[in-house]
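# What the coordinates show
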Amino acid sequence: MTAAGARRGRPAAGGQGPHGSMPTYLGMPAFPEAARAALADSQLRRNLAHATHTIREKRARAVAELDDWERLRQAAKAIKDHTLAHLGTYLLRLEENVTRAGGHVHWARDAAEANAVVARLARGAGADTVVKVKSMATQETGLNEALAAAGVTAIETDLAELIVQLGHDLPSHILVPAIHRNRAEIREIFRREMPDAPAGLTDDPPRLTAAARTHLRQAFLSAKAGISGANFAIADTGSLVVVESEGNGRMCVTLPETLISVVGVEKVLPSWRDLEVFLALLPRSSTAERMNPYTSVWTGVTPGDGPREFHLVLVDNGRTDTLADPVGRQALRCIRCSACLNVCPVYERAGGHAYGSPYPGPIGAILSPQLRGIADPVDASLPFASSLCGACYEVCPVAINIPEVLVHLRARVADGKRKKIISSERAVFQASGWVLRSPWRLRAAQRAGAAGRRLAGRSGRIRRLPPPLSGWTDTRDAPAPPPESFRAWWARTRGGASRGRGNGQDGGS
Amino acid sequence: MTAARDQILARIRAANAARAAGDTPRAGDTPRAGDTARATGDADSAYAALPRDYRRAHHDPASTDIVELFAGRAADYRAVVERVPSGAVAAAVARILQARAPDTDGVPRFVVPGGLPPEWLAEVPDGVELAGDDPPLSSAELDRVAGVVTGCAVAIAETGTIILDHGPAQGRRALTLVPDFHLVVVRAGQVAADLADAFARLDPARPHTLISGPSATSDIELIRVEGVHGPRNLHILLADTGASS
Amino acid sequence: MRIGLFITCLTDSLFPDTGKAVVTVLERLGHQVDFPAGQSCCGQMHFNTGYRREAVPMARGFAGAFADYEAIVSPSASCAAMVREYHQVLAAGDPGLEREVAAIAPRVHDLSVFLTGVLKITDVGAYFPHRVTYHPTCHSLRMLRVGDAPLRLLRAVRGLDLAALPGAETCCGFGGTFSVKNSDVSAAMCADKVAAIRQTGAEVVCAADNSCLMHIGGALTRQRTGVAAMHLAEILARTEDGS
């Protein structure tokens, strides 16, 4: 089965994000079950721990080098918020300037519409094969599968995407989609799936990289059409920006006669000048470099240099629904750096596939349920796939308060449960809320708990609780209630419910 | 297509109108400077009021040798960096091209774009062939040359980056992409301290390529490997003072 | 100064010794501590699990119980952060409650910040002759930003041998209902935290939150490590005469 076959499309209308659609990975269970399977894969855990720890420390060093990092971050946040608040204005300006520079602008409401536009353009360019530079937007729309259905073969040219494509696998990281594979596994994939892989290929990363170079060379030199995303689209100049490392991006946006760029509407920036902020933040957050090896910037078409035809496809696919949410819209500031994945202790253990979408990790946990809605159990489980430790917010270069959005989306899920006739969780939380908001009922509950101390036996620890709390006691003891709560101790020793004014030596100050 | 455009723009208007109406402060919210009267009219004035208190340059050109900073930072990417007096560029170019000869079959052939200062090539020996790009070479031909020699538009000291705007002395984008070896001559005066200065020097209408070291990937175990699809060898010749052209 | 002890429902119900320790330390420093009996729960668990509506009466109850105190001190950095950061969200739409929350929230402190930042004291006269490692809980670190306040307090404890915890700033995997809803990932995170604690050779791991300590401690006893989980306040309360 190919990666194409491993996904299923979902109807565009679903849940609370009626305008977005994105393939959910076939048969993917909700996050807790998927994570359990990932945890059992010790090789996967080693690969992920190794890779994320390596990049984590490098990122911290790259960021520490700029003493105004927080000011850059706040500037980026302000620019993005401003752009979102005036999104219509800037998109129209972008359209005008791209058109003036000889490009064509297309608008797509959802994934199907975007894919149809691209397929039509690729066929119109006479391309039966297109070279692609890694793009989250086209992962999101499932473009490769749609192109295949239209008789166009899409070749992924980013090394990690190539590994995923050749391995009939799914991406598990925004920056490094094959992060779950180690060098030995990659060598096996190349030997099995790459007809021109050199004999005696070792698992030395430079050798593997050289094999990919040779494998893709002819495709680059002969492709009639290239497909890209864009990291930024500059409204006041009509310029598109692609940030990359390998040179495959340069190949795709330079050599083919036709270039099609598929870009989410939130990627627009007001002005050329804004690059001085975002190109300072993105590489250091993403690959922990002062600057990534290659950045391509182009404005429409340039006679005698690069593609003769340029098409920009602006994609909504759930973004305007996200924009309508006063708390959730901050997710649209995301520049896809993946710093939040690399620091996330949950991602490190669960891996990217558990998130059931091309957007894994903390950002995926707030983006997928907003773009797709929460009707599907996978999407409804994502806001809970976090311990709310806040490490993601701390490293985010555009200061997306991911924990805040997670909690906000949890409320949406809980509100959905309110509408159901029977929800045991809702019943538990309503009952406990009734107890906990009253000191008297809390005290009564504490007395009842103390009476149940015998559960714990002599150790003072509880070793087994019924479901759903058994998940805790499978690996951890639970504390037994003490014979006397603090509240009871205070009442006994300090004379009851004191609300009197303090009379200590500094009292009344 | 117009239907899609109109509908997306209408959704955006609706989303932003609802937000403007029901604005409530949230934890950690920063005041949105000048952003309260939104809709469409005042985007530019609100944009002008955005906070930009970050540094224009992280190394002060008055107290730092930014050319040396550029050299060090470019070398950190494992580019080969040489600093020479401007009068010695021709000799250095000749030496560097000749040194590539053993890596090529037959006579090493290098592409030189139009507008490259002829004095940079004045000492290239007979055993090295130079090819122009007029008429344009095919991609297949570019794939067979030993390398390319260019100038650049701007360089950025802080990040060790070279920026090509593909104007004179730089050639169209494919010239510095397909060949495996790129020799770039950077004049000291082209080195900007940081991103802000560098971007201000560029003309956005032109195509640009920002180059920071040879092509690289971190896609295998997040370990950096130099040399993928772009030139695997980047040689920077930093021509010091008194620009030669 | 009128100090109101914000005990938190968890410490009140399951870890009363921590509350007694906070009282001991503050009284030893010459302050009178009051326990407003009208307090119950700050609503964090409900809020963080999405049951916002159920948490609103708790925010209201908190504001009523603590309105008269100049300083409100809690042994839970997490619950203190809930009041400081998120009660305003719960109060939204109720102008009266919004005003009360705005007035109270800045007066809520975690014990370590109250001691070092408000009272300007690092040596509280404690004695604890044991090897101790400190786990900075996520909410103390990233929401309340207590910084090195707990470490400065620990360094001033006589006899205490402070061991640095590898990967200290990584979450222990508690996360409230996360530990139940995603118990496998939570347990895996906890296992790594326990391994790091054991690596230090410490007899005691301490923190500024009983919730995380309950989690870590539950694994420490299950694995029979012999390492004790103790709240910072309980270490600060110990003196040479064994009080």
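Residues numbered from 1 in each chain as written. Chains lettered and ligands numbered in written order. Predicted model: local features only at pLDDT ≥ 70, side-chain atom pairs only at ≥ 80, totals over all residues. Heavy atoms only, no water.

## Some details on the interface of chain A and chain B
Selection criterion: Contact definition: two residues touch when any of their heavy atoms are within 4.5 Å. Buried area adds together the accessible area that both of two parts lose upon being put together, with accessible area traced by a 1.4 Å probe. Here, a salt bridge means any side-chain nitrogen of Lys or Arg that lies within 4 Å of a carboxyl oxygen of Asp or Glu. What qualifies as a polar contact is a pair of N or O atoms within 3.5 Å, subject to a donor-acceptor requirement within protein and to the restriction that residues adjacent in sequence count only when both atoms come from side chains. Secondary structure elements follow DSSP: runs of H or I no shorter than four residues count as helices, runs of E no shorter than two count as strands, and numbering proceeds from the N terminus. Each residue gets one of three labels, nonpolar for Ala, Val, Leu, Ile, Met, Phe, Trp, Tyr, Cys and Pro, charged for Asp, Glu, Lys and Arg, and polar for the others, Gly among them. When DSSP finds two or more bridges between two strands, those strands count as paired.
Opposite the 106 residues of chain A that make contact, chain B presents 81 residues. Buried surface at the junction of chain A and chain B, summed over both partners, amounts to about 8200 Å²; 57% is from carbon and sulfur atoms. There are 13 salt bridges connecting chain A and chain B. The closest approach of N and O atoms between Arg290(A) and Asp76(B), which form a salt bridge, is 2.8 Å. On inspection of chain A and its partner chain B, the count reaches 42 residue pairs in polar contact (both at pLDDT 80 or more). By residue number, the principal contributor to the side of chain A that touches chain B is helix H3 (residues 69-85) of chain A, which donates 11 residues. In terms of residue class, the side of chain A that touches chain B is made up of 49 nonpolar, 29 polar and 28 charged. Here 4 bridges tie strand S11 (residues 294-299) of chain A to strand S9 (residues 208-211) of chain B, and the two strands are oriented antiparallel to one another. Note that in S9(B) the partner of Val297(A) across the bridge is His208(B).

## Section: the pairing of strand S6 (residues 161-164) of chain B
All names here are of chain B. Rule in force here: We call a residue buried when its accessible area falls under 20% of the maximum for its residue type, exposed when it is over 50%, and partly exposed in between, using a 1.4 Å probe and counting protein chains only.
The alternating pattern of S6 places Thr161 and Ile163 and Ile162 and Leu164 on opposite faces, both of which are buried. Bridge analysis of strand S5 (residues 154-156) against S6 gives 3 bridges, and the strand direction is antiparallel. If you follow Val154 over to S6, its bridge partner there is Ile163. Connecting S5 to the antiparallel partner S6 that follows it, the hairpin turn spans 4 residues, and Gly160 within it adopts a positive phi of roughly 65°.

## Description of helix H19 (residues 402-419) of chain A
Since the α-helix turns once every 3.6 residues, residues separated by three or four places project in the same direction. What counts, and what does not: Each residue after the first adds 1.5 Å to the expected span of a helix.
Here H19(A) is 18 residues long and its end C-alpha atoms lie 26 Å apart, about the 26 Å a rise of 1.5 Å per residue gives. The backbone nitrogen of Glu404(A) lies 3.1 Å from a side-chain oxygen of the residue at the head of H19(A), namely Asn401(A).

## So, the packing of aromatic side chains
Formally: Pairing of aromatic side chains here covers Phe, Tyr and the six-membered ring of Trp, requires ring centres within 6.5 Å, and sorts the geometry by plane angle: under 30 degrees stacked, over 60 edge-to-face, intermediate tilted. Working rule: Lys NZ or Arg CZ, within 6 Å of ring centre, within 35 degrees of ring normal, means a charge sits over the ring.
Going through the model one piece at a time under the given rule, you end up with 18 aromatic pairs over all chains. Arranged with centres 6.2 Å apart and planes meeting at 75°, the rings of Phe110(B) and Phe181(B) form a pair that is edge-to-face. Here Phe110(B), found in strand S2 (residues 109-111), pairs with Phe181(B), found in strand S7 (residues 181-187); they are 71 residues apart in sequence, far enough to count as distant. An identical accessibility class is assigned to Phe110(B) and Phe181(B); each is buried. Ring pairs connect the aromatic residues Phe486(A), Trp489(A), Trp490(A) and Phe35(C), which therefore count as one cluster. Lys80(A) extends its terminal NZ or CZ atom over the ring of Phe278(A), reaching a point 5.7 Å from the ring centre. Just above the ring of Phe384(A) sits the side chain of Lys181(C); from NZ or CZ to the centre is 4.4 Å.

## Overview of the pattern of salt bridges
Within the structure shown, the criterion is met by 63 salt bridges over all chains. Between Glu266(A) and Arg319(A) there is a salt bridge, with its nearest N and O atoms 2.7 Å apart. Placement of Glu266(A) in the loop between strand S9 (258-264) and strand S10 (268-269) and of Arg319(A) in helix H13 (residues 319-323) is noted, with a sequence separation of 53 residues between them. Here Glu266(A) matches Arg319(A) in class, with each residue buried. With its nearest N and O atoms 3.7 Å apart, the salt bridge here joins Glu276(A) to Arg273(A). According to the relative accessible area criterion, Glu276(A) is buried, its value standing at 5%. Salt bridges here are not isolated pairs; linked through shared partners, they connect Glu65(A), Arg284(A), Arg290(A), Arg73(B), Asp76(B) and Glu158(B).

## Here we look at the sheet that holds strand S8 (residues 239-244) of chain A
Sheet architecture is open: 8 strands sit in the order S10(A)-S7(A)-S8(A)-S11(A)-S9(B)-S6(B)-S5(B)-S8(B), paired in mixed fashion. Strand pairing shows two members of the sheet lacking a second neighbour, S10 of chain A together with strand S8 (191-192) of chain B, which therefore form its edges. Judged from the 3 bridges that link them, S6(B) and S9(B) form a sheet pairing that is antiparallel. Note that in S9(B) the partner of Ile162(B) across the bridge is Ile211(B).

## Here we look at the environment of Val89(B)
Residues and elements named next belong to chain B. With respect to the helices and strands, Val89 occurs in helix H4 (residues 89-100). You can call Val89 buried: its relative accessible area is 1%. Considering only alpha carbons, one finds Val89 and Trp120, 31 residues apart in sequence, at a separation of 5.9 Å. Setting aside anything within four residues of it in sequence, one finds Val89 in contact with Val84, Trp120, Val185, Leu237 and Ala239.

## Some points on the nonpolar core
Defined as follows: What is meant by a nonpolar core is a set of buried Ala, Val, Leu, Ile, Met, Phe, Trp, Tyr and Cys residues, joined one to another through side-chain atoms within 4.5 Å.
Counting residues in each nonpolar core, the largest one holds 188 residues, and the members touching the most others are Phe31(A), Phe190(A) and Phe232(A). If we ignore the near neighbours within four places in the chain, the residues touching Phe190(A) are Leu159(A), Ile163(A), Leu166(A), Ala197(A), Leu201(A), Leu208(A), Ala211(A) and Ala212(A). Listed in part, the 38 residues of the second largest apolar core include Ile3(C), Val73(C), Leu111(C) and Leu115(C).

## Notes on the domain arrangement of chain A
In plain terms, the rule: Just so you know, the domain bounds were taken from an automatic or database domain assignment.
Domain annotation for chain A reports domain 1 (34-320) and domain 2 (426-494). Taken over C-alpha atoms, the centre of domain 1 of chain A sits 52 Å from the centre of domain 2 of chain A.

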